[in-house]
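Topology and contacts: notes
Here is what each chain is made of, one letter per residue.
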Amino acid sequence: MSRMLPVRLLMRRATCAAHRGLFVVGRPFSTYYSKSHEWFKVDGKVGTLGITNHAQEQLGEIVFVDLPDVGKSASKGSGLLSLESVKAVGEVYSPVDGKVIEQNGELSNNPKLVNEEPESNGWLAKIEFQGEVSGMLTRDEYDQFVKEEAA
Amino acid sequence: MTAKLARTRRADLWMMMLRKLPITESARMQRRFFAAAATAAVRKTALYDLHVELGGKMVDFAGWMLPVQYTDGIIKSHLHTRSNASLFDVSHMGQVRLFGKDRVAYLEGLVVGDIASLQPTEGRLTLFTNERGGIKDDSIVTAQEDYLHLVVNAACTEKDVAHMREHLAKAKAKGMDVDMTLLEDKSLLALQGPESMSTLQRYVPPGTDLTKMPFMTSQVLTVDGIPDCTVTRCGYTGEDGFEISVPSEHAVKLASTLLSNEAVQPAALGARDSLRLEAGLCLYGHDADEDTTPVEAALVWTVGKRRRAEGGFLGADTIISQIKNGVSRKRVGLTTTGPPAREGADILSPDGEKIGNVTSGTFSPSLSKPISMGYVQTPFSKVGTKVLLEVRGKSREAEVVKMPFVPSSYYKVP
């Protein structure tokens, strides 16, 4: 992203990166991607859901995130929440069956965070799920899919 | 998919963009549609190449390829228009001229406005109506010494022209002296925002002082050395501004000249829509159509006093009776919190009973909150009335508010 970010954000980014580094040493995370442009970062039976940078570019400036309530049940392939830009509404699908255990409350006051840091601090919800993640793409597969979709 | 696209074409892209779609579906459909549309003779304005060069995201709007936004995004572009000036390509709109000594009488048979009272250079917003009193289109009409100049909606141009031709034949059969020309060799540029006047002043002849040009007046001027430009002080943003009808072969030159000013940025359909909505202005086909009357649409002010007394336009009986006796539903402005309530959303009474529908809605970049326009049953139309808006199955509190949502800054000659 070539846009200048406020210092505060840059610092948060740095902190976040440091955290990620520490975690990665401790336990392995797997991040999966979907053809509907979500990412899903799995840690045991809990996954963090967000949208990809490509998705936020397509959607434009996000003005409202209709966050799912904690406890809301998620079902694989169904809409879990909506993102609103000035002219469009984007539907975000759940990649798994499960239930929402946390929402990113910061997005209520700062929905732009989804545009600024879609694949880190702009995460949307955490879902506790049963079973295994299936039918999702690796990063390489996803990048390839985006390329093909654009063609 | 093909059937869907065919429908989309008619329903225009706006509807498509407002529908809830997977994140990239909207963009993908636009691209596919673009390819599909190539055979359907989608027209390009004279500025097409310039739009692409400037990074415009091109879409099919009412049969024309136009940018929906540039690289800056809608919010930035919107706010720039309110604080500086923006240049919009509105060449898709239809431009029509009426000639002949009976042109005023002829037009008054089709529109609700007092056209006879317009002095040369004066203009106003008027409405074409149908036999039922419904709104056929809205149009800015300006009078010149020997003709009337009309600007009509792109999506309505074909229908309006057919309608005017039909009545032209009748008028001629009655011996009236009137003729009509569709100006297909003119482009239309809208310069909008507080810096419009200072910018345009640089390119008009030395004797022309724009500080003395009132809102809703029109002059034929040489602009940037291009003769025969019709400059009208009007717009669709709530700001001061000008619409410049320019011979198409010079449109790129004029646009480039205006854009060379630091204050002026290119702006596109997305910002045009959020700006007009903040200004409380109707988008034809959404906030007004053949099934809504000027009274229901809160556009009674366009029906001239003399016209109310005399009638003589299509649907006059219905409209005049509605002015006297009232209507059962009215167009209102609504503000809410949460997600924007967009076209089609239900408006409910505090008891949860359906009382109307949203016809336009967006996130207001100037107010940083959602705004909507819609029709409600008349008892709920008073400013301050609490209602509910249903978005994705959730009811949210909303309030009927005065329009414009953002105060207009139309120019007043000091």
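Residues numbered from 1 in each chain as written. Chains lettered and ligands numbered in written order. Predicted model: local features only at pLDDT ≥ 70, side-chain atom pairs only at ≥ 80, totals over all residues. Heavy atoms only, no water.

Digging into the overall build of chain B
A tally of regular secondary structure across chain B gives eleven helices and 21 strands. Expected size for 414 residues packed as a compact globule is a radius of gyration near 22 Å; at 21 Å, chain B falls within 12% of this value. In terms of its C-alpha atoms, chain B occupies a principal-axis envelope of roughly 60 × 50 × 50 Å. Counting over 414 residues, chain B shows a buried share of 60%. Within chain B, residue pairs in contact and separated by at least 24 positions form 65% of the contacts whose partners lie at least 6 positions apart. Accessible surface for chain B amounts to roughly 17,000 Å². Of this, 52% is attributable to carbon and sulfur atoms. (Helix = DSSP H or I, 4+ residues; strand = E, 2+ residues; numbered from the N terminus. Rg over C-alpha atoms; globule rule 2.2 N^0.38 Å. Buried < 20%, exposed > 50% of the residue type's maximum accessible area, 1.4 Å probe, protein only. Contact = heavy atoms within 4.5 Å. Areas by Shrake-Rupley, 256 points an atom, 1.4 Å probe, with all protein chains shown as cover.)

Looking at the pattern of salt bridges
Overall, the coordinates contain 32 salt bridges over all chains when judged by the stated rule. Across the pair arginine 392 of chain B and aspartate 66 of chain A runs a salt bridge, and its minimum N-O distance is 2.8 Å. Pair noted here: arginine 392 of chain B is in the loop between strand S20 (386–391) and strand S21 (394–401) and aspartate 66 of chain A is in strand S4 (residues 62–66), and the two residues belong to different chains. Judged by relative accessible area, arginine 392 of chain B falls into the partly exposed class, the value being 30%. Under the relative-accessibility criterion, aspartate 66 of chain A is labelled buried at 10%. (Salt bridge = Lys/Arg side-chain N within 4 Å of Asp/Glu carboxyl O.)

Side note on the sheet that holds S20 of chain B
All names here are of chain B. Taking strand neighbours around the barrel as the criterion, the six strands line up as S16-S19-S18-S17-S20-S21 in a closed arrangement whose pairing is antiparallel. Here the average twist between neighbouring strands, direction ignored, is 40 degrees. With six bridges joining them, S20 and S21 adopt antiparallel strand pairing. By the bridge assignment for S21, valine 391 is matched with lysine 394. Its contacts with the sheet put helix H9 (residues 269–278) on strand S18 (354–364) and strand S19 (369–377), and the angle it makes with S18 is roughly 125 degrees. (Pairing = 2+ DSSP bridges. Axes fitted to C-alpha atoms, helices over the stretch in contact; angles between N-to-C directions.)

Description of the UniProt feature "binding site: substrate" (unreviewed entry) in chain B
Residues and elements named next belong to chain B. UniProt's feature table lists "binding site: substrate" (unreviewed entry) at Glu243, given in the numbering used throughout. Looking at where glutamate 243 falls in the secondary structure, it is placed in strand S14 (residues 241–247). For glutamate 243, the contacting residues outside a window of four places in its chain are Leu188, Leu189, Ala190, Thr230, Val231, Thr232, Cys234 and Gly235. (UniProt positions renumbered as here; feature names shortened; annotations may be inferred.)

Observations concerning the sheet that holds strand S3 (residues 46–51) of chain A
Residue and element names in this part refer to chain A. Spatially, the six strands line up as an open sheet ordered S1-S2-S3-S9-S8-S5, and their pairing is antiparallel. The open sheet terminates on both sides in strands that have one partner only, identified here as strand S1 (30–33) and strand S5 (73–74). Note: S5 against strand S8 (residues 98–103), two bridges, orientation antiparallel. Of the residues in S8, the one forming a bridge with serine 73 is lysine 99.

Section: the UniProt feature "domain: Aminomethyltransferase C-terminal" (unreviewed entry) in chain B
Residues annotated by UniProt as "domain: Aminomethyltransferase C-terminal" (unreviewed entry) correspond here to residues 329–406 of chain B. Strand forms 58% of residues 329–406 of chain B and helix 0%; the C-alpha atoms that close the span are 24 Å apart.

Overview of helix H8 (residues 251–259) of chain B
Here H8 of chain B has its buried residues at Ala251, Leu254, Ala255, Thr257 and Leu258 of chain B. Relative to the axis of H8 of chain B, the buried residues are bounded by an arc of 160 degrees and lie together on one face. (Arc of directions from axis to C-beta.)

Notes on the UniProt feature "modified residue: N6-lipoyllysine" (unreviewed entry) in chain A
As recorded in UniProt, the feature "modified residue: N6-lipoyllysine" (unreviewed entry) lies at Lys87 of chain A. Examined against the element boundaries, lysine 87 of chain A turns out to sit in the loop between strand S6 (79–85) and strand S7 (89–93).

Brief notes about the packing of helix H4 (residues 74–83) of chain B against H9 of chain B
Residue and element names in this part refer to chain B. For the pair H4 and H9, the least separation of the axes is 9 Å and the interaxial angle reads 55 degrees. As far as their axial angle goes, H9 and H4 are oblique. Crossing of H4 over H9 shows right-handed handedness. Contact residues: H4 offers Ile74, Ser77, His78, Thr81 and Arg82, while H9 offers Gly270, Ala271, Ser274, Leu275 and Glu278. For the contact of H4 with H9, the class distribution of residues is three nonpolar, five polar and two charged. (Parallel < 35°, antiparallel > 145°, perpendicular 65-115°, else oblique. Left-handed = near helix turned anticlockwise from the far one by under 90°. Nonpolar A, V, L, I, M, F, W, Y, C, P; charged D, E, K, R; others polar.)

Topic: the UniProt feature "domain: Lipoyl-binding" (unreviewed entry) in chain A
Under the UniProt annotation, the feature "domain: Lipoyl-binding" (unreviewed entry) is placed at residues 46–128 of chain A. The annotated region residues 46–128 of chain A carries 18% helix and 42% strand content, and the separation between its end C-alpha atoms amounts to 4 Å.

As for the confidence of the model for chain A
Looking at chain A as a whole, its pLDDT mean stands at 84, while 81% of the residues score no less than 70. Least confident of the elements in chain A is helix H1 (residues 7–26) of chain A, whose mean pLDDT is 40; most confident is S8 of chain A, at 98. (pLDDT = per-residue confidence, 0-100.)

Brief notes about the environment of glycine 285 of chain B
For glycine 285 of chain B, the location among the structural elements is in the loop between H9 and helix H10 (305–310). Counting along the chain gives 89 residues from glycine 285 of chain B to serine 196 of chain B, while the straight-line C-alpha distance between them is 29 Å.

Re the pairing of S3 of chain A
Residue and element names in this part refer to chain A. Of all the six residues making up S3, five are buried; the element is thus mostly covered by neighbouring parts of the structure. Hairpin remark: strand S2 (residues 38–43) followed by S3, antiparallel, with two residues in the connecting loop; positive phi at glycine 44, about 70 degrees. Of the strand pairs in this sheet, S3 and strand S9 (residues 125–129) are connected by four bridges, and their pairing is antiparallel. Within the sheet, the bridge partner assigned to glycine 47 lies in S9 and is isoleucine 127.

Structural notes on the packing of aromatic side chains
Residue and element names in this part refer to chain A. Within the structure shown, the criterion is met by four aromatic pairs over all chains. The interplanar angle of 25 degrees and the centroid separation of 5.4 Å between the aromatic rings of tyrosine 33 and tyrosine 142 together place this pair among those described as stacked. Within this pair, whereas tyrosine 33 is found in strand S1, its partner tyrosine 142 is found in helix H5 (residues 139–150), the two being separated by 109 residues in sequence. A cation over an aromatic ring shows up here: lysine 126 above the ring of tryptophan 123, its NZ or CZ 4.9 Å from the ring centre. (Phe/Tyr/Trp six-rings, centres within 6.5 Å; stacked < 30°, edge-to-face > 60°. Lys NZ or Arg CZ within 6 Å of the ring centre and 35° of its normal.)

A closer look at unusual backbone geometry
All names here are of chain B. A cis geometry characterises the amide bond from methionine 403 onward to proline 404, with omega recorded as 0 degrees. With respect to the helices and strands, the residue proline 404 is situated in the segment after S21. Of note in the backbone geometry, alanine 298 takes a positive phi value of approximately 55 degrees without being a glycine. Within the secondary structure, alanine 298 sits in the loop between H9 and H10. Here the phi dihedral of arginine 392 falls at roughly 50 degrees; this positive angle occurs in a residue that is not glycine.

Remarks on the environment of phenylalanine 313 of chain B
All names here are of chain B. Mapped onto the elements of the fold, phenylalanine 313 is located in the loop between H10 and helix H11 (316–325). Taking relative accessible area as the criterion, phenylalanine 313 reaches 5% and is therefore assigned buried. Note: C-alpha distance between phenylalanine 313 and alanine 288 (25 residues apart in sequence) is 18 Å.

A word on the side chain of arginine 272 of chain B
Residues and elements named next belong to chain B. By the secondary structure assignment, arginine 272 is in helix H9. Here arginine 272 is buried and forms no salt bridge, its nearest opposite-charge partner glutamate 243 lying at an N-O distance of 4.8 Å. Excluding residues within four positions of it along the chain, arginine 272 makes contact with Phe88, Val90, Met93 and Tyr236. (Lys, Arg positive; Asp, Glu negative; His and termini not counted.)

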